[in-house]
Amino acid sequence: MVLLLSAVSAASITSHSITLTLNTEGGAYVQEEYLLRLNNEDLSLVEAGTVDWPSFGVAKTVTKPSSDANIIPEVTQSDLVIVTLQYSVPEIIDSVERKGKQEVVGVTEKAFSFYDGSVISLPYDPPTELVIRVPSELSIASPVTPPAYSTSVEIDSDGEKYSVFSWNYRHPFSTEKFRVGYETEVSIQSQLSFRAFVEDVRERFGNPVYWLVAVIIVVIAVMYRKEIALLASEAFAGEPVLEEDVEDESVT
């Protein structure tokens, strides 16, 4: 019975942790740690260095363009294997809100594979922990959404201080929006960009698409005003004349 169970047992993820360390340039260093339970056959593949990790469910959680992952497997004394993924994401932040010269940017639901396009849900199976570390020199825009399970301050060995926000399987969340944002000043170049112009028009006058449609209609009307006038005159040329109009014309 023991031999049979060991033969049919498959790899399973026992736990998963994701740590994002943001930098002031809008990128992040990501470290993910998977704890896997493997059978003897799978362990031999790990020792031989011939494991197809994605087939075990080990993959990047951050979907933004990133560097190749450095994969570090560590076999424990039991049948558990700790697999660490390390990679860099040059641009992980999204624009959240802009008010004048101030803009709120940060990590949103769009950065993660467990966002399905409408809802982001922190996985409970396997138990998952998400940690986001923000340099203390960046001004956090409150509130963090959803509220973090725990918050703290950490100091790295190089003296860099970070605000740390953590969510885990004890209080898993399922929400439409995920926000860990911070305030930054909009550069002059950004203010003059087409994107900034569209955002400014939207804030001031509503959806710019309607304004664009209106402008196009006006331009067409001006360009083809003669043709439009001719069509209008032809359209009304066959209209019946009221008797009152005829009497008025005869009197005149």
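Residues numbered from 1 in each chain as written. Predicted model: local features only at pLDDT ≥ 70, side-chain atom pairs only at ≥ 80, totals over all residues. Heavy atoms only, no water.

Moving on, we get to the sheet that holds strand β2 (residues 28-37). The 7 strands are arranged β3-β4-β2-β1-β8-β11-β10 in an open sheet whose pairing can be described as mixed. Each of the sheet's edge strands pairs with one partner strand only, and the pair in question is β3 (70-75) and β10 (150-155). Sheet twist, expressed as the mean angle between neighbouring strand axes with direction ignored, is 20°. (Pairing = 2+ DSSP bridges. Helix = DSSP H or I, 4+ residues; strand = E, 2+ residues; numbered from the N terminus. Axes fitted to C-alpha atoms, helices over the stretch in contact; angles between N-to-C directions.)

Leu20, Ile132, Trp167 and Phe178 are the most contacted members of the largest nonpolar core, which totals 39 residues. Counting only elements with at least two residues in this core, the list comes to β1 (12-22), β2, α2 (40-48), β4 (80-89), β6 (102-108), β8 (128-135), β11 (161-167) and β13 (179-185). The residues touching phenylalanine 178, leaving out its near neighbours within four places in the chain, are Val107, Thr108, Glu109, Phe112, Ile120, Leu130, Ile132, Thr145, Pro146, Trp167 and Phe173. (Core = buried A, V, L, I, M, F, W, Y, C linked by side-chain atoms within 4.5 Å. Buried < 20%, exposed > 50% of the residue type's maximum accessible area, 1.4 Å probe, protein only. Contact = heavy atoms within 4.5 Å.)

Time to look at the sheet that holds β13. Two orientations exist for strands paired in a sheet by backbone hydrogen bonds: parallel and antiparallel. Within the open sheet, the 4 strands sit side by side as β5-β6-β13-β9. Their pairing is antiparallel. In this open sheet, the two edge strands, each paired with only one partner strand, are β5 (94-99) and β9 (139-145). With strand direction ignored, the average angle separating the axes of adjacent strands in the sheet is 25°. The pairing of β5 with β6 spans 5 bridges and is classified as antiparallel. From the neighbouring strand, lysine 99 faces β6, where its bridge partner is glutamine 102.

What follows is about the confidence of the model for the chain. Summary statistics for the chain give a mean pLDDT of 82 and a share of 77% for residues scoring 70 or more. Across residues 1-9 the pLDDT falls below 50, and counting only partners more than four positions away or on other chains, this stretch makes 2 contacts in the model. (pLDDT = per-residue confidence, 0-100.)

A separate point is the pattern of salt bridges. As enumerated under the stated definition, the model contains 4 salt bridges in all. Arginine 133 is paired through a salt bridge with glutamate 154; the nearest N and O atoms lie 3.1 Å apart. Of this pair, arginine 133 sits in strand β8 while glutamate 154 is found in strand β10, placing the two residues 21 residues apart along the sequence. Here aspartate 156 ties to arginine 133 by a salt bridge, and the two come within 2.7 Å at their closest N and O atoms. Here aspartate 156 is found in the loop between β10 and β11, whereas its partner arginine 133 is found in strand β8, with 23 residues between them in sequence. On the basis of relative accessibility, which here comes to 27%, the residue aspartate 156 falls in the partly exposed class. Counted as one network, the salt bridges with shared partners bring together Arg133, Glu154 and Asp156. (Salt bridge = Lys/Arg side-chain N within 4 Å of Asp/Glu carboxyl O.)

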